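Letter by letter, the chains look like this.
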Amino acid sequence: MKIAYYPGCSLHAAAREYDASLKLCLQNLGIELTEVPDWNCCGATSAHSIDEKLSILLAARNLSLAKKMVSGKVLAPCAACYSRLLASRRRLQTEARLYQEIASRLPDLDGVQEMEVLSLLDLLCLRELRDRLKAGIVRPLNGLRVACYYGCFLVRPAAVTGQPDPEDPTLLEAVLAAAGAEPVPWTYKTECCGAGFVLPEPQVVLRLAGEILQAAKRSGADVIAVACPLCQMNLDARQEAVARELGEELHLPVLYVTQLLGLAMGFAPRVLGLKRLLVDPFPALQEKGII
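This report concerns the structure included in the present document. From a predicted model like this one, the values you see are computed outputs, not experimental measurements. Numbering of residues begins from 1 in every chain and follows the order in which that chain's sequence is written. Totals for whole chains, interfaces and linings use every residue, but because this is a predicted model, local features are given only for residues with pLDDT of at least 70 and side-chain atom pairs only at 80 or more, for both listing and counting. With hydrogens and water excluded, all non-hydrogen atoms of the structure serve as input to the side-chain values.

Considerations on the sheet that holds strand S2 (residues 32-35)
Piece 1. Following DSSP output, two strands are said to pair if at least two bridges run between them. Counting from the N terminus, the helices are the DSSP runs of H or I reaching at least four residues and the strands are the DSSP runs of E reaching at least two. Read from one edge to the other, the open sheet built from four strands follows the order S2-S1-S3-S4, with strand pairing classed as parallel. Both edges of this open sheet fall to S2 and strand S4 (116-118), since each of them pairs with a single strand only. Across the sheet, the mean angle separating the axes of adjacent strands is 35° when strand polarity is ignored.
Piece 2. As judged from the three bridges shared by strand S3 (residues 73-75) and S4, these two strands associate in the parallel manner. Bridge pairing in S4 places leucine 75 opposite leucine 118.
Piece 3. Across the sheet, helix H1 (residues 16-28) touches strand S1 (2-5), S2 and S3, and the angle it forms with S2 is around 140°. Fitting a line to C-alpha atoms yields each axis, with helices limited to the stretch in contact; the angle taken between N-to-C directions then spans 0 to 180 degrees. Any two residues whose heavy atoms approach within 4.5 Å at even a single point are treated as in contact.

A few points about unusual backbone geometry
Piece 1. Look at the link from arginine 156 to proline 157: it is a cis peptide, with omega at -5°.
Piece 2. Even without being glycine, aspartate 38 reaches a positive phi, approximately 60°.
Piece 3. With respect to the secondary-structure elements, aspartate 38 resides in the loop between S2 and helix H2 (47-50).
Piece 4. Aspartate 38 sits in the exposed class, given a relative accessible area of 57%.
Piece 5. Non-glycine residue histidine 251 carries a positive phi angle of around 40°.
Piece 6. Inspection of the secondary structure puts histidine 251 in the loop between helix H12 (239-246) and strand S8 (254-256). Burial here depends on accessible area, computed with a 1.4 Å probe over protein chains only, as a share of the maximum for the residue type. Under 20% is buried, over 50% is exposed, and the range in between is partly exposed.

Here we look at the pattern of salt bridges
Piece 1. When a carboxyl oxygen of Asp or Glu lies within 4 Å of a side-chain nitrogen of Lys or Arg, that pair is called a salt bridge. Tallied over the entire structure, the rule returns 16 salt bridges.
Piece 2. In this structure, the salt-bridge partner of aspartate 108 is lysine 67, at a minimum N-O distance of 3.4 Å. Of this pair, aspartate 108 sits in the loop between helix H5 (96-105) and S4 while lysine 67 sits in helix H3 (residues 52-67), placing them 41 residues apart in sequence.
Piece 3. Relative accessible area serves as the criterion here: at 34%, aspartate 108 is assigned to the partly exposed category.
Piece 4. For lysine 67, a relative accessible area of 23% translates into the label partly exposed.
Piece 5. For arginine 244, the salt bridge goes to glutamate 240, with nearest N and O atoms at 3.3 Å. Placement of both arginine 244 and glutamate 240 in helix H12 is noted, with a separation of four residues, approximately one turn of the helix. The same class applies to arginine 244 as to glutamate 240, namely exposed.

A few points about the sheet that holds strand S6 (residues 182-183)
Piece 1. Across the sheet, which stays open at both edges, the four strands sit in the order S6-S5-S7-S8 with parallel pairing between neighbours. The strands lining the two open edges of the sheet, one partner per strand, are S6 and S8.
Piece 2. In terms of strand pairing, strand S5 (residues 145-148) meets strand S7 (residues 223-226) through three bridges, oriented parallel. Among the inter-strand pairings, cysteine 148 is bridged to a residue of S7, identified as alanine 225.
Piece 3. On the sheet, helix H11 (residues 229-237) packs against S7 and S8 and is oriented at approximately 160° with respect to S8.

Printed below as a string of structure tokens:
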């Protein structure tokens with residue numbers, strides 16, 4: 001299967017371990033990724049609140065570049081990028097006047113409304129991929145209790161993502177269970193971590209992240225699994241500050257789902273970027289005999 005790949009800004013910078021582990025896992029599953037040439041920022045976090053039409057244009061240009069490629073599908077593994085591409089495509093589908101205005105600035109727009117935008121979870125949950133995933137597990141994550149965290153953008157709003165159960169999704173759980181892990185039941189899987197308020201409202205971020213981390217800890221999870229660079233950075237990099245604020249020890253590693261799948265597929269921790277994580281995942285993984 002050949003798919004256009006839109007990495008977005010994070011996977012080329014602070015989330016390089018996500019990029020590396022994703023490529024290893026998908027290559028192992030027979031997915032050929034081709035990076036969208038000359039892609040630009042999707043406009044997540046600020047562009048749509050400053051200049052609405054520019055934000056649509058930014059996403060539309062990426063979709064226009066991707067549609068010239070192999071399959072009519074584009075993978076956007078960053079949840080924020082996924083949300084912006086999907087939301088922009090939907091507006092171009094439903095608002096004729098907006099479409100005409102954007103087309104006047106981006107002549108090669110025809111066909112972007114039909115582009116299929118996939119998150120990593122959308123891709124991994126395709127039937128043929130699920131079967132390959134099960135067959136590719138050589139070192140199951142047996143005994144590893146995982147809190148699957150979706151955050152805001154992977155499944156919501158349902159009108160944009162098309163997810164049937166945006167308040168209690170189970171896509172991550174299904175993927176990790178196929179790798180032998182034990183997803184834990186918990187109630188904070190789609191709560192906001194506050195990553196968008198890191199600069200203007202840091203205390204709000206500490207509170208929101210703290211509630212999520214405490215809930216995951218109460219559930220008995222050994223690690224948290226994510227598929228969003230913003231969520232990963234927020235829960236990992238700020239965990240020490242959250243612990244000080246709460247006055248309790250947390251030490252809950254926050255791994256990308258692709259890092260966990262990569263371990264189950266037999267890849268070495270080094271190539272999966274586990275040492276780039278700030279909360280050390282090695283003790284929990286060693287305790288379970290996974291590494």
